[in-house]
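# Structure at a glance
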Amino acid sequence: MSQYVGKIKDLPEAPGNFIANASKKVIFGPTHFWPDYVMRCFDLQPGAGEKSPHTHPWPHWVVIYDGEGVFCIDGVEYPVKRGDWLHVPGDIPHYNYNSSDKENFCFLCIVPPEGDVSPLLSGKGC
């Protein structure tokens, strides 16, 4: 395409993906047009995700753009699907997973740059 327009599917796999059977791609971030935040695209295959809560000091802003899944925020599981949005405040336990056994679950997730790390590597990110 061009330096200003592109396809998410053409972006490279991002480092720090901690979800097995999933893809993580950085759309915008400090090295690509947005110095203050990171917009990641997660694409989880059927059944993929996490079911153990974790916390960290930064928030998440999420928009579901395909499929359906579950986000657990502060102990409450919320079924979500295409067109839904959610906010995970900082320091609140959370996790997410694809609840479908047939379709992928895709969402955009925005965090500050310090949040774009694998919790498996540092124990603090996601």
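Note: the structure precedes this text.
Keep in mind the model is a prediction, meaning the values are calculated, not measured. (Residues numbered from 1 in each chain as written. Predicted model: local features only at pLDDT ≥ 70, side-chain atom pairs only at ≥ 80, totals over all residues. Heavy atoms only, no water.)

### Side note on the sheet that holds strand β8 (residues 105–111)
Pairing is antiparallel in the open sheet, where 5 strands are placed in the order β1-β2-β8-β3-β6. Each of the sheet's edge strands pairs with one partner strand only, and the pair in question is β1 (22–28) and β6 (85–88). Each strand of the sheet is rotated relative to its neighbour by a mean of 25 degrees, with strand direction disregarded. (Pairing = 2+ DSSP bridges. Helix = DSSP H or I, 4+ residues; strand = E, 2+ residues; numbered from the N terminus. Axes fitted to C-alpha atoms, helices over the stretch in contact; angles between N-to-C directions.)

### Looking at the environment of Thr55
Secondary-structure assignment places Thr55 in the loop between β2 (38–44) and β3 (60–66). As for Thr55 and Ser23, which are separated by 32 residues in sequence, their C-alpha atoms are 21 Å apart.

### Re the packing of aromatic side chains
For any two aromatic rings, the description comes down to two numbers: the centre-to-centre distance and the angle of the planes. Tallied over the full model, the rule gives 9 aromatic pairs. Consider the rings of Tyr95 and Tyr97, whose centres lie 6.4 Å apart with planes at 15 degrees: the pair is stacked. For the pair formed by Tyr95 and Tyr97, the shared burial category is buried. An aromatic cluster is built from Phe42, Phe71, Phe105 and Phe107, whose rings are joined through pairwise contacts. (Phe/Tyr/Trp six-rings, centres within 6.5 Å; stacked < 30°, edge-to-face > 60°. Buried < 20%, exposed > 50% of the residue type's maximum accessible area, 1.4 Å probe, protein only.)

### Looking at the side chain of Lys25
Within the secondary structure, Lys25 sits in strand β1. Of the side chains with opposite charge, Glu13 comes closest to the buried, unpaired Lys25, at an N-O distance of 5.2 Å. Within polar-contact distance, the side chain of Lys25 engages the backbone oxygen of Leu11 at 2.8 Å. Excluding residues that lie within four positions of it along the chain, Lys25 makes contacts with Ile8, Lys9, Leu11, Pro12, Glu13, Ala14, Met39, Arg40 and Cys41. (Lys, Arg positive; Asp, Glu negative; His and termini not counted. Salt bridge = Lys/Arg side-chain N within 4 Å of Asp/Glu carboxyl O. Polar contact = N/O pair within 3.5 Å; in protein donor to acceptor, adjacent residues only side chain to side chain. Contact = heavy atoms within 4.5 Å.)

### A look at the pattern of salt bridges
Pairs can form between side chains of opposite charge whenever their charged atoms are close. Applying the stated rule across the entire model yields 3 salt bridges. Among the ionic pairs, Asp116 bridges to Lys24, the shortest N-O distance being 2.7 Å. Taken together, the residues Asp116 in the loop between β8 and α1 (119–122) and Lys24 in strand β1 connect sequence positions 92 residues apart. Accessibility expressed as a relative area gives 1% for Lys24, which makes it buried. In this structure, Arg40 engages Asp116 in a salt bridge whose closest nitrogen and oxygen atoms are separated by 2.8 Å. One end of the pair, Arg40, is in strand β2; the other, Asp116, is in the loop between β8 and α1, with 76 residues separating them in the sequence. Where salt bridges share partners, they join Lys24, Arg40 and Asp116 into one cluster.

### Observations concerning the pairing of strand β7 (residues 94–98)
The element β7 is largely enclosed, with a buried count of 5 among its 5 residues. Residues His94, Asn96 and Asn98 point to one face of β7 and Tyr95 and Tyr97 to the other, with burial holding for every one of them. Pairing of strand β4 (residues 68–73) with β7 involves 5 bridges; the strand directions are antiparallel. If you follow Ile73 over to β7, its bridge partner there is His94.

### A few points about the nonpolar core
For soluble globular proteins, the rule of thumb is that nonpolar side chains tend to be buried together. Grouped together as the largest cluster of nonpolar side chains are 19 residues, with contacts concentrated most on Leu44, Val62, Ile64, Phe71, Leu86, Phe105 and Phe107. Residue assignment for this core shows that the elements contributing at least two residues are β2, β3, β4, β6 and β8. The biggest single contributor to this core is β8, with 4 residues. Excluding its chain neighbours within four sequence positions, the residues that come into contact with Leu86 are His60, Trp61, Val62, Ile64, Phe71, Ile73 and Val80. (Core = buried A, V, L, I, M, F, W, Y, C linked by side-chain atoms within 4.5 Å.)

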